[in-house]
Amino acid sequence: MAPPLTVHADATPSAFLAELEGAPVLGFVGPNWFTPVMGTGIIAVALVGLPFRFPGQDDAALLFWFLSATLLAAITLATAAHVRLHPSTARGHLDDPVMAHSYGAPAMALLTVGAGTLLVGHRVVGAGPALAADVVLWTAGTALGLVTSVLVPYRAFTRHDVREDSAFGGWLMPVVPPMVSAATGALLVPRLPAGQARETMLLFCYLCFGLALVTSFVVVTIIWNRLLRHGPGAAGAVPTLWIVLGPLGQSITAVHHLGLLAPDVLPAPYGRAFGSLALVYGVPVWGFGLLWIAIAAMLTARTARDGMPFSLSWWSFTFPVGTFVTGTSGLASATGLVVLQVAAGVLFAGLVVAWVLVASRTFRGVYSGRLLLAPTPG
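Here we summarise the structure given alongside this text. (Residues numbered from 1 in each chain as written. Predicted model: local features only at pLDDT ≥ 70, side-chain atom pairs only at ≥ 80, totals over all residues. Heavy atoms only, no water.)

1. Description of the side chain of Asn32
The test is simple: Secondary structure elements are taken from DSSP: a helix is a run of H or I of four residues or more, a strand is a run of E of two residues or more, and numbering for both begins at the N terminus. Note on contacts: a residue pair is in contact if any heavy atoms of the two residues lie within 4.5 Å.
One can find Asn32 in the segment before α1 (35-49). Apart from the residues within four sequence positions on either side, Asn32 is in contact with Met99, Ser102 and Leu312.

Below is the structure:
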């Protein structure tokens, strides 16, 4: 086996990889490294679905899709190298009661880039290759997400040391991927032959929707209880409170896209019933999402005043907000209401600001080497 690559710090603290201080470059590449892929790819998807147009919109979507696809390739290669060079550390990720929940990130990264490839990337690779890529990425991401939905909670139930105050937003990560599969699977339903194949795919997407929805609401209830009884907890975990927006926004997105298809795929009255969920379900959940944004924003601001250390958990400010953008855009398209169009624009602006902040801090952390070290507890 080849010796692990190491970099020694020099006298300049800002030097390239200086903060590694001799530690191996790929000594710790956890599944949480796929969160930048999610946070970047969702901008491309959100841009396509906005209920309004602005100059350069298509080019911006193409840029963010390309960045997300490049990040996915690079982080996948880095993860493979990490597993080969540091197998014991890699095996330990699943036993870590915090890191284990990040195993939902690779699945959602695959699904997000796949959707972006079909929606945006076809301009570069062509319609046929884009569809083929999305089929592969959606299938792999869905399979992986179903595995994490079972395996990670099972591991937590049987192996992890879970205290009364252990709950944090990251507990949603392994159970949300099927919701992303439901929302992105809607892109593939019309491309299947009419009849059994199309109906099976649509109902499978609704199955994924229900699986993730019920589990997410259980976890959100536990998080609310933890906040009530034990407070927000460690400063480094506060950004993960924004992950609650993920299943909320993605579920609104899913019922919108699937609901547009249902009347033509399912027999009456079921098709119309599923179609009505876009508003019957979407509007009340959107209201709860606004409430959660207010709570999460106040808790984040409160924590930031006392010092909130930067880590990859800050990417929680991006993908979950992005799904709420896509959900809001769906409601705006369904109703034609100007207030929802404005809300989608405001939320998207906040998403872009958050991405710029987090991406720049991530770049500096990788350049210095600090983010390549194993995260410290708390």
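2. A closer look at the packing of helix α10 (residues 282-306) against helix α11 (residues 319-335)
Note the threshold: For helices, the fitted axis covers only the stretch in contact; all axes are lines through C-alpha atoms, and the angles between them, taken along N-to-C directions, range from 0 to 180 degrees. Here roughly perpendicular refers to angles of 65 to 115 degrees, roughly parallel to angles under 35, roughly antiparallel to angles over 145, and oblique to all remaining angles. By convention, the crossing between two helices is left-handed when the near helix turns anticlockwise from the far helix through less than a right angle, and right-handed when the turn is clockwise. Following the grouping adopted for this structure description, the nonpolar residues are Ala, Val, Leu, Ile, Met, Phe, Trp, Tyr, Cys and Pro, the charged ones are Asp, Glu, Lys and Arg, and the polar ones are all others, Gly among them.
Between α10 and α11, whose axes approach to 11 Å, the crossing angle comes to 140°. When the interaxial angle is binned, α10 and α11 end up oblique. As for the relative orientation of α10 and α11, their crossing is left-handed in sense. Across from Gly282, Val283, Trp286, Gly289, Leu290 and Ile293 in α10, the residues of α11 making contact are Phe324, Thr328 and Leu331. Of the residues contributing to the contact of α10 with α11, the split by class is 6 nonpolar, 3 polar and no charged.

3. Some words on the side chain of Thr362
Rules: Categorising residues by exposure relies on relative accessible area from a 1.4 Å probe, with only protein chains included: less than 20% of the type maximum marks a residue as buried, more than 50% marks it as exposed, and the intermediate range marks it as partly exposed.
Here Thr362 lies in helix α12 (residues 338-368). Looking at Thr362, the relative accessible area reads 8%, which means it is buried.

4. What to know about the packing of aromatic side chains
Where we set the bar: Here a pair means two rings of Phe, Tyr or Trp (six-membered ring of Trp) with centres within 6.5 Å. Their orientation is stacked below 30 degrees between planes, edge-to-face above 60, and tilted elsewhere.
For the structure on display, the rule yields 12 aromatic pairs. With a centroid separation of 5.0 Å and 75° between ring planes, the pair formed by Phe310 and Trp314 is classed as edge-to-face. Taking the relative accessible area as the measure of exposure, Trp314 reaches 7% and is therefore buried. Three or more aromatic residues joined by ring pairs form one cluster here, namely Trp242, Phe310, Trp314 and Phe317.

5. Some details on unusual backbone geometry
The peptide bond linking Ala268 to Pro269 adopts the cis configuration, its omega dihedral lying at 5°. Even without being glycine, Leu17 reaches a positive phi, approximately 60°. Following the sequence through the fold, Leu17 ends up in the segment before α1. Owing to a relative accessible area of 8%, Leu17 belongs among the buried residues under this scheme.

6. Focus: the nonpolar core
Note the cut-off: Throughout, nonpolar core names a set of buried Ala, Val, Leu, Ile, Met, Phe, Trp, Tyr and Cys residues whose side chains join them through atoms within 4.5 Å.
With 103 residues, the main nonpolar core has Leu172 and Leu202 as its most contacted residues. In terms of residue count, helix α7 (residues 196-230) provides more of this core than any other element does, 12 residues in total. Dropping the residues within four chain positions of it, Leu202 is found in contact with Val189, Leu258, Leu261, Ala262, Val265 and Leu266.

7. A word on the pattern of salt bridges
Put simply, the rule reads: What makes a salt bridge here is a side-chain nitrogen of Lys or Arg within 4 Å of a carboxyl oxygen of Asp or Glu, nothing more.
Across all of its chains, the model carries 5 salt bridges by this definition. In this structure, Arg53 engages Asp58 in a salt bridge whose closest nitrogen and oxygen atoms are separated by 2.9 Å. Using a relative accessible area of 56% as the deciding quantity, one classes Arg53 as exposed. For Asp58, a relative accessible area of 38% translates into the label partly exposed. Between Arg155 and Asp95 there is a salt bridge, and its shortest N-O distance comes to 2.6 Å. Of the two residues, Arg155 sits in helix α5 (residues 127-158) while Asp95 sits in the loop between α3 (87-92) and α4 (104-125), which places them 60 residues apart along the sequence. Judged by its relative accessible area of 18%, Arg155 is buried. Asp95 gets classed as partly exposed once you look at its relative accessible area, which sits at 35%.

8. Things to note about α10
Test applied: Expected span, for any helix, means 1.5 Å times one less than how many residues it has.
For α10, built from 25 residues, the straight-helix expectation of 36 Å at 1.5 Å per residue is met to within 8% by its first-to-last C-alpha distance of 36 Å. Where α10 is buried, its residues contact α7, α8 (245-265), α9 (270-280), α11 and α12.

9. Let's talk about the environment of Trp286
By secondary structure assignment, the location of Trp286 is in helix α10. For Trp286, a relative accessible area of 15% corresponds to the buried category. For the pair Trp286 and Gly195, spaced 91 residues apart in sequence, the C-alpha to C-alpha distance is 33 Å. Contacts of Trp286, omitting those with residues within four sequence positions, involve Ile252, Phe324, Thr328, Leu331, Leu340 and Ala343.

10. Some thoughts on helix α6 (residues 177-185)
Among the 9 residues that make up α6, 9 are buried, leaving the element largely enclosed by the rest of the structure. For α6, the set of buried residues is Pro177, Pro178, Met179, Val180, Ser181, Ala182, Ala183, Thr184 and Gly185. In this fold, the buried residues of α6 make contact with α4, α5, α7, α8 and α11.

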